[in-house]
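Structural characterization, general
Listed below are the residues making up each chain.
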Amino acid sequence: MAGLLILVRWLPSHGRHASGAAEDTWSEGPGLSVLAHVGMFVGVCVFTWAYLTSTV
């Protein structure tokens, strides 16, 4: 879900208060989306491991 929300950030906005894409360097390319997906995967793995080994 978080990755999809970050991908939606790439969509151009056309509202009155919308800022230009040149002002936001995080929205250029898939870097932020990849970071979010990898972070979510690592978090799921860590918490799954902790649950399965009963360390939580």
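Residues numbered from 1 in each chain as written. Predicted model: local features only at pLDDT ≥ 70, side-chain atom pairs only at ≥ 80, totals over all residues. Heavy atoms only, no water.

**Section: the overall build of the chain**
The helix and strand inventory of the chain stands at 2 helices and 0 strands. Taken across its 56 residues, the chain has 9% of its residues classed as buried. About 4900 Å² of surface is accessible on the chain, with carbon and sulfur atoms providing 72% of the total. (Helix = DSSP H or I, 4+ residues; strand = E, 2+ residues; numbered from the N terminus. Buried < 20%, exposed > 50% of the residue type's maximum accessible area, 1.4 Å probe, protein only. Areas by Shrake-Rupley, 256 points an atom, 1.4 Å probe, with all protein chains shown as cover.)

**Focus: the environment of Gly3**
With respect to the secondary-structure elements, Gly3 resides in helix H1 (residues 2-8). The spacing of Gly3 and Leu35 is 32 residues in sequence and 8.9 Å in space, taken between C-alpha atoms. Aside from chain neighbours lying at most four places away, what touches Gly3 is Ser33 and His37. (Contact = heavy atoms within 4.5 Å.)

**Focus: helix H2 (residues 31-52)**
With 22 residues, H2 ought to run about 32 Å at 1.5 Å a step, and its terminal C-alpha atoms sit 31 Å apart, in line with that. Downstream of H2 by a residue or two, Ser54 has a phi angle that is positive, lying close to 55°. (Expected span 1.5 Å × (residues − 1).)

**Some details on the environment of Val38**
Inspection of the secondary structure puts Val38 in helix H2. The exposure class assigned to Val38 is partly exposed, which follows from its relative accessible area of 47%. Along the primary structure Val38 and Gly3 are separated by 35 residues, whereas in three dimensions their C-alpha atoms are 9.6 Å apart.

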